[in-house]
Amino acid sequence: MKTTKPLAPLTPAVFYILLVLATSEKHGYEIMKQVQQDSQGQIKMGTGTLYGSLKRMLADGLIEEAGERLDPTLDDERRRYYRLSELGRRALAAELQRYTDVVVIAQRRRLLPALTLELTR
Amino acid sequence: MKQHQQRARQRARAARIYRWVLRGYPATHRRTFGRQMLLTFQDHYRDAVESHRESALRFWLNVAGDVGKSLIREHVVTLRETLRDRMATMKTVIPVALTTVGVLLLLGLRVWLYPAVLSAPHGGGTAVSSVAGMAILVLAYAVVAIGILRTHRGASVAERSVALRRAALLGALVGGCVLGAIAVDTLLGPDSLFGLGVWSVVVLAAAIGWGLAGLLATRAGGSRRLGIVAALWSGMVTALVGAAGEVASTLVALPRLAQHELTNPDYLYWHQPDVRSYAIASALALGMMGLILAPIAASIVGAIVSWLGRSGGLVAPQAETAPR
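The model shown is predicted, which means the values in this text are computed figures rather than measured ones. Starting afresh in each chain, residues are numbered from 1 along the sequence in its written order. Going through the entries in the order they are written, you letter the chains from A and number the ligands from 1. For this predicted model, a pLDDT threshold of at least 70 governs which residues receive local features, and a threshold of 80 or more governs which side-chain atom pairs are given and counted, while totals over whole chains, interfaces and linings are taken from all residues. To get the side-chain values, all heavy atoms of the structure are used, and hydrogens and water are removed first.

K.L.:
Quick rundown of the pairing of strand β3 (residues 78–84) of chain A? Include the residues and the values.
P.N.:
Residues and elements named next belong to chain A. Think of it in three bands: residues with accessible area under 20% of the maximum for their type are buried, residues over 50% are exposed, and the middle band is partly exposed, with areas taken using a 1.4 Å probe on protein chains only. Numbering of helices and strands runs from the N terminus; a helix is a DSSP stretch of H or I covering at least four residues, while a strand is a stretch of E covering at least two. Most of β3 sits out of view: five of its seven residues are buried. The pairing of strand β1 (residues 26–27) with β3 spans two bridges and is classified as antiparallel. Paired with histidine 27 across the bridge in β3 is tyrosine 81. Only strands joined by at least two bridges in the DSSP assignment are considered to pair. As paired strands, strand β2 (residues 63–70) and β3 are joined by six bridges and run antiparallel to one another. Residue pairing for β3: arginine 69 is matched across the bridge by arginine 79.

Here's what the structure looks like:
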């Protein structure tokens, strides 16, 4: 049963998984590897932790299964792919907006003097 | 080539170990994700150990840490879900159990206060058949109720619990109308015009109440089956309340009931010596009739309403969901 909770802040693991799936469908190991890269090694998920998170994200409606297919770079076993759901897309957008808002405040308070990125709302 | 074969053998051995580790996870988790977890593990092993990004020792230490954390977490989550489902089921079981026990206690009290009913004739048979029949039917209700609660097809436990609680409430409201009709019959006699009018209203209330129980369940769960079960549940609650009312009327107003029987053509035909036993047995027989007919009628109403609800566009056709 999909939950209808408001878009509350996400845990780091969930956030990075959503970020990874934002651009394309991926299977378990691709998600695991990309999360580690995107978080620069700060989020290291093992198989058990990854699938625990995927299970809860499926239950919360943040992601969907996208069928099973072969990964041409690996062996000939069919792997289950995952993709963002509409709710997951909105949750990710809300979380990114939260981060953006925080960075804008930090810029105004000159806590990030070296940041030259123009952020527009 | 030899190195490739050796790597393949080591990977297969690692996969065997992990397959054995996966047995520690809860069965539902294993069934849903077990194969994918094994594939992901093999991908990770290939990428980390065979590519020499990590030593085998470090790899296995990380796996042990991950398994330790995730295994405990999944078992705690599964236990929490099981307890939540059991609590939801208990909330629905307790009112049914209390009503069943209540009716049996009332019946027992009735027999204890007037044991002559066990040996008195009633019509062509004996009054004890009414007593025994009602007790058996009430116990059968309890068995059917447990069967309904333990079946998990077509809807999640949470959806089912909500549907059955709603149905029980509607059934109890209709049961309240039945109690009113029994009270009118007790006061004015079963043949009064006003009493017939009240029973007509009760029939209408029953159709509306059971139908609403079925429709709400169909809309909430998207399942025709759940709609029929909810209507049946509602009918069962009404019948139990009605049966309790009939037994209670023999406890509270036996002299009045006996008075009504004195003008009953059936009673006069059979020349029964004990009018009170006859009155008790008649009331119990009416209760038994309700216990048999109400669920059947409720199921029919539920089936019609669920079918109309789905095909009439009140419920989205894609809402027929698989159980989780």
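K.L.:
How would you summarise the packing of helix α1 (residues 2–22) of chain B against helix α2 (residues 27–50) of chain B if you had to cite specific residues and measurements?
P.N.:
If you want to describe how two helices pack, look at the angle between their axes and the distance between the axes. All names here are of chain B. Simply put, an axis is a line fit to the C-alpha atoms, just over the touching stretch for a helix, and the angle between two N-to-C directions goes from 0 to 180 degrees. In contact at an axis separation of 10 Å, α1 and α2 are set at 145 degrees when each is read in the N-to-C sense. α1 and α2 meet at a crossing whose hand is right-handed. Residue-level contacts link Arg7, Gln10, Arg11, Ala14, Ala15, Tyr18, Arg19 and Leu22 of α1 to Arg30, Gly34, Met37, Leu38, Phe41, Gln42, Tyr45, Arg46 and Glu50 of α2. Here the contact of α1 with α2 is built from residues that sort into eight nonpolar, three polar and six charged. Handedness of a helix crossing follows the sense of rotation of the near helix relative to the far helix, less than a right angle counterclockwise being left-handed and clockwise being right-handed. In this analysis, two residues are considered to be in contact whenever any of their non-hydrogen atoms come within 4.5 Å of each other. In this classification, the charged set is Asp, Glu, Lys and Arg, the nonpolar set is Ala, Val, Leu, Ile, Met, Phe, Trp, Tyr, Cys and Pro, and all remaining amino acids, among them Gly, are polar.

K.L.:
Describe the sheet that holds β3(A), naming the residues involved and giving the relevant values.
P.N.:
Strand order across the open sheet formed by three strands is β1-β3-β2 (chain A), with antiparallel pairing between neighbours. The sheet is open, and its two edges are formed by β1 and β2 of chain A, each paired on a single side. Lying on the sheet, helix α3 (residues 47–59) of chain A is in contact with β2 and β3 of chain A; it crosses β2(A) at an angle near 125 degrees. Against the sheet, α2(B) touches β1, β2 and β3 of chain A, its axis set at about 100 degrees to β3(A).

K.L.:
How would you summarise a positive patch on the surface if you had to cite specific residues and measurements?
P.N.:
All names here are of chain B. Together, Lys2, Arg9, Arg13, Arg16 and Arg19 make up a region of like positive charge exposed at the surface. By the element assignment, arginine 19 lies in helix α1. When its relative accessible area of 44% is taken as the criterion, arginine 19 is described as partly exposed. Like-charged residues within 9 Å of one another, or nonpolar side chains (Val, Leu, Ile, Met, Phe, Trp, Tyr) within 5 Å, are grouped into patches, provided each residue has over 30% relative accessible area and no salt bridge. Each accessible area value is a Shrake-Rupley result obtained with a 1.4 Å probe; residue values ignore everything except the protein chains displayed when judging cover. Salt bridge, as used here, is a side-chain nitrogen of Lys or Arg placed within 4 Å of a carboxyl oxygen of Asp or Glu. Counted as positive: Lys and Arg. Counted as negative: Asp and Glu. His and the chain ends are not counted at all. Charge placement uses NZ in Lys and CZ in Arg. For Asp and Glu, CG and CD serve respectively.

K.L.:
Tell me about the side chain of A:His27, and name the residues and values.
P.N.:
Along the chain, A:His27 turns up in strand β1. Excluding anything up to four places from it in sequence, A:His27 contacts A:Asp71, A:Leu74, A:Arg79, A:Arg80, A:Tyr81 and B:Asp43.

K.L.:
Before we move on, could you go through α1(B) and cite the residues and values that matter?
P.N.:
Residue and element names in this part refer to chain B. Across its 21 residues, α1 extends 30 Å between first and last C-alpha, which sits within 8% of the 30 Å expected from 1.5 Å per residue. Residues of α1 that are buried include every one of Arg11, Ala14, Ala15, Tyr18 and Leu22, and no others. Burial along α1 is one-sided: seen end-on, the buried residues are contained in an arc of 105 degrees. Relative to its buried face, α1 has exposed residues pointing more than 90 degrees away, namely Lys2, Arg9, Arg16 and Trp20. In a helix, the anticipated span is given by 1.5 Å times the number of residues less one. Arc definition: it is the arc formed by the directions from the helix axis to the C-beta atoms.

K.L.:
Tell me about a nonpolar patch on the surface, and name the residues and values.
P.N.:
Taken together, the side chains of B:Leu286, B:Met289, B:Ile292, B:Leu293, B:Ile296, B:Ile300, B:Ile304, B:Trp307 and B:Leu308 make up a nonpolar region of the molecular surface, amounting to roughly 900 Å² of accessible area. On the secondary structure map, B:Met289 appears in helix α10 (residues 275–311).

K.L.:
Which residues make up the packing of aromatic side chains, and what are the values?
P.N.:
Each Phe, Tyr or Trp ring (for Trp, its six-membered ring) is paired with any other whose centre lies within 6.5 Å, and the angle between the two planes then decides the class: stacked below 30 degrees, edge-to-face above 60, tilted in between. The full count for this structure, using the stated rule, is nine aromatic pairs over all chains. Ring centres of A:Phe15 and A:Tyr16 lie 5.3 Å apart, and the angle between their planes is 70 degrees; on these two criteria the pair is classed as edge-to-face. A:Tyr16 shares its class with A:Phe15; the two are buried. A ring pair is formed by B:Tyr18 and B:Phe41, whose centres lie 4.2 Å apart and whose planes are at 0 degrees; its orientation type is stacked. Remark: B:Phe41 occurs in helix α2 and B:Tyr18 occurs in helix α1; sequence separation between them is 23 residues.

Just distances and angles here, no functional claims.
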